[in-house]
Each structure stands twice: as C-alpha cells, then as structure tokens.
Amino acid sequence: MDQLIHRREENGLIYYTCDTITTPHLFTTKFGGVSTGYLSSLNLGFNRGDERENVLKNYQILADHFGVPRERMTMTKQVHGDCVRVVDENTMGMGLGQPMSWQTDAIVTNLPNVPLCGYYADCVVTLLHDPVSRSIGVCHSGWRGTANGILAKTVHTMQEQYGAQPENIEAVIGPSIHSCCFETDADVPDAMRETMGQAVEPFIERRGAKYFIDLQGINRMRLEDAGVKKVTDSGLCTKCMHDEFWSHRATNGRRGVQAGIIMLEGEQS
Ligand SMILES: [Zn+2]
C-alpha cells in the first residue's frame, strides 16, 4: 500500500482515502453496510442479487458520510466502453435521484455536492480532481477500457468542459487487481498492443502460455501521456486482499460491488 493511502473507519464504515486528493473522496470496502450473505455488507450494485432496499440503505450510509441527499449521488453504468458523460443539472443523480438512462464508464462534473460513483470488484477505478478549475471525474477501466484509453478521454473531457489543466489534476488509481493476480490469455496483451504499440511492453509479463498485465502501470502511463503528473496508485490488489474487497476473480463472480466516490464541496443548493 502506498504511504499516501490510508485505511479509515467511521461507525463501521471501512474505506480508503488518498492524501494527494484535496476534495472529499473514498474507496469503499466490503464493510459498513446492511446487505447480508455473500453480499455482506456494503454492496453498491443493484444487479448483484441484493434486496433493492438494502442497496438503497447502503447508499444512504455513504450520502450521510458525504453530507448530501442520497438523490444527488450519481452513478456510472459500466459497459466496458470508452464513453465519458457530463453530469449537469439534468443528469445529476442518475441511477439514484432519477432512473438510470445512460451507459457510460466515466463521468465528470463541476457541480458541488454531487458525489460521482464508479464501481469495481477487480477493475480499475480512478478518481480525478482539478482544484483550479474545480472539476472532478471518475473513470472505470477494465482491460478493454484501458486499451481504449478511456482514462485519457476523461482527462480530455475535463479540459474541454471545464478548462482543467492536466498539470493541476490530482489522480488516484484505486484498489484493483494487480499484475500479481491478473493472469490473461493473449487477447488482453494483443488488445493493448493494438492501441499502444511497443509502449505497453514493460507492463506485460509472459509466463508460458499466460500473461500477467500491469493495468495500473498502463493507466498511469496514459494519465502521464495526457499531462497528468500527480498520480498515486493505491497499490492495493483486490484479489490478494479478498478479505477486505470483493474480487470478481476470487469469488467467481458471486460478489457485491464497491465504489470509488469523489465530490466537490460547495454551498448546498
Ligand atoms: Zn494480487
């Protein structure tokens, strides 16, 4: 674990924060919610076989933590694409304050008191904050999104929409499956090489017929190529730490889902 990352506990809610992100944010763990059984206890997915009421209570716990109405929390709907959507007055609360009507793996906003939620159970969730333009983003990248450069597209969207300068952006790469555990066939490195060429070779290790991929290293490279210099990798592997985090691979898919959440503070509107 990077020394800038801290494990925190508040009334049973266990989460991780990063010192370099200067706005409210966290990465959730399994712990602090009301779900039961294999979803015990802070499952944030409505499609994991959980009672809807339990999931809503779990979001309420997080809304209380951030000090905002639950209806303002805004969800991605992750489809392993490379789309980035803007959260404005019309799309705020997507998935909670209003019915889910988009498919997007990354969202950005400059609205205060609107927590942005991106989801993981091995995939990489990255939180972004530009304190100068006062804008934020959350980006989900599995291997497909990583190959397609969705994280750089999220940075570009913050530039276009809010005038964010990449050198001002603070980024943290959340708990996710690391190269110790991310074993793949040739399809994954092939997809990476197709979009990134030789640059991706340092992040691919071949062992016999299998490959081990450093998704965090590739995402850091994509951020740095986009001009973002303040990048922290949590260093937390969800599969190694499957007692703390749901790992898709460690559970064969019988699991809940965690979120990386980030918010701008401001006058309550
Ligand atoms: Zn591992």
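Residues numbered from 1 in each chain as written. Predicted model: local features only at pLDDT ≥ 70, side-chain atom pairs only at ≥ 80, totals over all residues. Heavy atoms only, no water.

Re the environment of Gly-93
And step 1. With respect to the element layout, Gly-93 can be found in the loop between β5 (84-87) and β6 (106-109).
And step 2. By relative accessible area, Gly-93 is classed as buried at 0%.
And step 3. Sequence spacing of Gly-93 and Arg-72 is 21 residues, and the spatial spacing of their C-alpha atoms is 4.5 Å.
And step 4. Not counting residues within four places of it along the chain, the set of residues in contact with Gly-93 comprises Glu-71, Arg-72, Met-73, Thr-74 and Gln-98. (Helix = DSSP H or I, 4+ residues; strand = E, 2+ residues; numbered from the N terminus. Buried < 20%, exposed > 50% of the residue type's maximum accessible area, 1.4 Å probe, protein only. Contact = heavy atoms within 4.5 Å.)

Side note on the coordination of the zinc ion
And step 1. At this site the zinc ion is bound by Cys-180 (SG), Cys-181 (SG), Cys-237 (SG) and Cys-240 (SG), with donor distances of 2.3 Å.
And step 2. Around the zinc ion, the four donor atoms sit at angles spanning 104 to 115°, and that spread fits a shape best called tetrahedral.
And step 3. Mapped onto the sequence, the residues coordinating the zinc ion show the spacing C-C-x55-C-x2-C. Highlighted residues: Cys-181 in the loop between β10 (170-173) and β11 (183-184) and Cys-240 in the loop between β14 (230-233) and α6 (248-251), separated in sequence by 59 residues. (Donors = N, O, S within 2.8 Å, 3.2 Å for Na, K, Ca; no water. Tetrahedral: all angles 85-135°; square planar, octahedral: opposite > 155°, others 65-115°.)

Side note on the sheet that holds strand β4 (residues 74-75)
And step 1. One open sheet holds the six strands; their spatial order is β1-β2-β3-β15-β7-β4, and the pairing between them is mixed. Edge positions in the sheet fall to β1 (5-10) and β4, since each of these pairs with one other strand and no more.
And step 2. By the bridge criterion, five bridges tie strand β7 (residues 116-120) to strand β15 (residues 258-262) in an arrangement that is antiparallel. Across the sheet, residue Tyr-120 finds its bridge partner in β15, namely Gln-258.
And step 3. In the packing of helix α1 (residues 52-66) onto the sheet, contacts are made with β1, β2 (13-18), β3 (25-28), β4, β7 and β15, and the angle to β3 comes to roughly 155°. (Pairing = 2+ DSSP bridges. Axes fitted to C-alpha atoms, helices over the stretch in contact; angles between N-to-C directions.)

Notes on the packing of aromatic side chains
And step 1. Per the counting criterion, the structure on display carries four aromatic pairs.
And step 2. Each ring, one from Phe-27 and one from Tyr-120, has its centre 6.2 Å from the other, and the planes form 75°; the classification is edge-to-face. In this pair, Phe-27 sits in strand β3 while Tyr-120 sits in strand β7, placing the two residues 93 residues apart along the sequence. Comparing Phe-27 with Tyr-120 shows no difference in burial state: the two are buried.
And step 3. Measuring from ring centre to ring centre gives 6.4 Å for Tyr-120 and Phe-245, while their planes differ by 50°; the resulting arrangement is tilted. (Phe/Tyr/Trp six-rings, centres within 6.5 Å; stacked < 30°, edge-to-face > 60°.)

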